Amino acid sequence: MLETREVSLIYRNGDGVTYAVKKANVRVNQGEFLGLVGPSGSGKSSLLYLMSGLKSASEGDVAFEGNSYQSLQNGKLIELRRKRYGFIFQQHFLINYLTVFENVMVGALEQNSVSRQRAKELIAELGLEKQSRRLPWQLSIGQRQRVAIARALINEPAIVFADEPTAALDHATGHQVVDLLAHYRGHGSIVFVTHDPEMLTQADRVIRMRDGEIIAEEKRNGNR
Ligand SMILES: Nc1ncnc2c1ncn2[C@@H]1O[C@H](COP(=O)(O)OP(=O)(O)OP(=O)(O)O)[C@@H](O)[C@H]1O
Ligand SMILES: [Mg+2]
């Protein structure tokens, strides 16, 4: 469904070059929960940015449903990201003067009754019904992250890209967030970046990175 081909991200600073990602080949299968793990600085975020089109490759290419990012005009890549991808980051990036419901609707492609209904359902599924009219500062950190999840899922994305969404949470709350995301598998794929292997017990497949390179890939059968 999504595939990277020998993709690299190179930073040039002063005299030297850093390969944040070096010739990585990754495939994301339909509906799977793919974990991306590795120590700090190993290139996890960089690989996620390349896969999701937030950064363009220095070398190699990425393709979604057979369409290579290089072949897409810039506007088309933005459209692909908006329509087919969902994003969750370590920081929730909620808008502080909008309610929970309004923050979820910010992600909706169309501000119509179908979207409003889906926002309501997601808010209920994520256990935020009572908080629906609150502002972000009136929520716990874990609740805020759940709002960010609802916002990311509002358009039923083909792939959800999550970069350390549990890093700011305690263990129990972190596990809740992973469970909620894992629940989405089947509807769409999840690419989940973390430095904490414990967060990946539910993953279908785990890719391990070090120094910008993929050093291992592990299949976890029986997680579905
Ligand atoms: N803007 C930049 N300029 C130069 N080098 C960078 C830049 N951003 C990242 N790097 C380097 O690229 C490498 C990979 O960084 P990246 O952020 O992808 O790692 P990470 O695995 O996500 O780390 P963390 O777990 O700390 O988030 C690191 O060596 C980092 O120093
Ligand atoms: Mg990172």
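Enquirer: Even after reading the chapter, I still don't get the side chain of Arg-205, so can you show me in this structure?
Expert: Secondary-structure assignment places Arg-205 in strand S10 (residues 205–210). Classification of Arg-205 by relative accessible area gives buried; the value is 2%. Not counting the four nearest positions on each side in its chain, Arg-205 is found in contact with Arg-27, Val-28, Asn-29, Glu-32, Phe-33, Leu-34, Gly-35, Glu-217, Glu-218 and Lys-219.

Enquirer: Explanation requested: the packing of aromatic side chains in the structure shown.
Expert: To describe a pair of aromatic rings, you give the distance between the ring centres and the angle between the ring planes. This model, assessed by the stated rule, comprises six aromatic pairs. Taken together, a centroid distance of 5.8 Å and an interplanar angle of 50° make the contact between Phe-33 and Phe-192 tilted. Remark: Phe-192 occurs in strand S9 (residues 189–194) and Phe-33 occurs in strand S4 (residues 33–37); sequence separation between them is 159 residues. For Phe-33, a relative accessible area of 0% puts it in the buried group. Ring centres 6.1 Å apart and planes at 5° place the aromatic pair Phe-87 and Phe-89 in the stacked group. Of note, Lys-22 hangs over the ring of Tyr-19, and the distance from its end group to the ring centre comes to 5.0 Å.

Enquirer: How should the environment of Glu-218 be read in this particular structure?
Expert: In this structure, Glu-218 sits in strand S11 (residues 213–219). On a C-alpha basis, the gap between Glu-218 and Gly-35 in space is 9.6 Å, while along the polypeptide they are 183 residues apart. When sequence neighbours within four positions are dropped, the list of residues in contact with Glu-218 reads Asp-204, Arg-205, Val-206 and Arg-208. Within the local environment of Glu-218, its side chain forms a polar contact with the side chain of Arg-220, the two groups lying 2.7 Å apart.

Enquirer: I keep staring at helix H1 (residues 44–52) and nothing clicks. Help me out?
Expert: Since there are 3.6 residues in each turn of an α-helix, residues three or four apart along the chain are aligned in direction. Burial of H1 is extensive: seven of the nine residues sit out of reach of the surface. Looking at H1, one finds that the buried residues are Lys-44, Ser-46, Leu-47, Leu-48, Leu-50, Met-51 and Ser-52. Positive backbone phi, at 80°, marks Gly-53, one or two positions downstream of H1.

Enquirer: What is the right way to look at the packing of helix H5 (residues 141–153) against helix H6 (residues 171–182) in this model?
Expert: What describes two packed helices is the angle between their axes and the distance between those same axes. Relative orientation of the contacting elements H5 and H6 amounts to 15°, with a least axis distance of 10 Å. Compared by their axis directions, H5 and H6 come out roughly parallel. As for how H5 packs across H6, the hand of that crossing is right-handed. On H6, the residues that touch Gly-142, Gln-145, Arg-146 and Ile-149 of H5 are Thr-173, Gln-176, Val-177, Leu-180 and Leu-181.

Enquirer: Can you walk me through the side chain of Glu-32 in this structure?
Expert: Mapping Glu-32 onto the fold places it in the loop between strand S3 (27–28) and S4. Only 2.8 Å separates the side chain of Glu-32 from the backbone nitrogen of Asn-29, close enough to count as a polar contact.

Enquirer: Honestly, unusual backbone geometry in this entry has me stumped. Any pointers?
Expert: Peptide bonds are, in most cases, trans, and in most cases residues other than glycine have a negative phi. Its identity is not glycine, yet Lys-23 carries a phi of approximately 45°, on the positive side. Mapped onto the secondary structure, Lys-23 falls in strand S2 (residues 16–24). The class for Lys-23 is partly exposed, based on a relative accessible area of 49%. The backbone of Glu-156 shows a phi angle near 50°, a positive value even though the residue is not glycine. Of note, Glu-156 is situated in the loop between H5 and strand S8 (159–163).

Enquirer: Help me understand the site of ligand 1, please; the structure alone is not making it clear to me.
Expert: Taken together, the residues surrounding ligand 1 are Tyr-11, Ala-20, Pro-39, Ser-40, Gly-41, Ser-42, Gly-43, Lys-44, Ser-45, Ser-46 and Glu-164. Taking Ser-40, its side chain carries an N or O atom lying 2.6 Å from an oxygen atom of ligand 1. One of the side-chain nitrogen or oxygen atoms of Ser-46 is found 2.5 Å away from an oxygen atom of ligand 1. Its free accessible area being 630 Å², ligand 1 has 60% of it covered by the protein chains. With three residues, H1 is the largest single contributor of residues to the shell around ligand 1. Class assignment of the residues belonging to the shell around ligand 1 gives a composition of three nonpolar, six polar and two charged.

Cut-off values and rules
Residues numbered from 1 in each chain as written. Chains lettered and ligands numbered in written order. Predicted model: local features only at pLDDT ≥ 70, side-chain atom pairs only at ≥ 80, totals over all residues. Heavy atoms only, no water. Helix = DSSP H or I, 4+ residues; strand = E, 2+ residues; numbered from the N terminus. Buried < 20%, exposed > 50% of the residue type's maximum accessible area, 1.4 Å probe, protein only. Contact = heavy atoms within 4.5 Å. Phe/Tyr/Trp six-rings, centres within 6.5 Å; stacked < 30°, edge-to-face > 60°. Lys NZ or Arg CZ within 6 Å of the ring centre and 35° of its normal. Polar contact = N/O pair within 3.5 Å; in protein donor to acceptor, adjacent residues only side chain to side chain. Axes fitted to C-alpha atoms, helices over the stretch in contact; angles between N-to-C directions. Parallel < 35°, antiparallel > 145°, perpendicular 65-115°, else oblique. Left-handed = near helix turned anticlockwise from the far one by under 90°. Near = heavy atom within 4 Å. Areas by Shrake-Rupley, 256 points an atom, 1.4 Å probe, with all protein chains shown as cover. Nonpolar A, V, L, I, M, F, W, Y, C, P; charged D, E, K, R; others polar.

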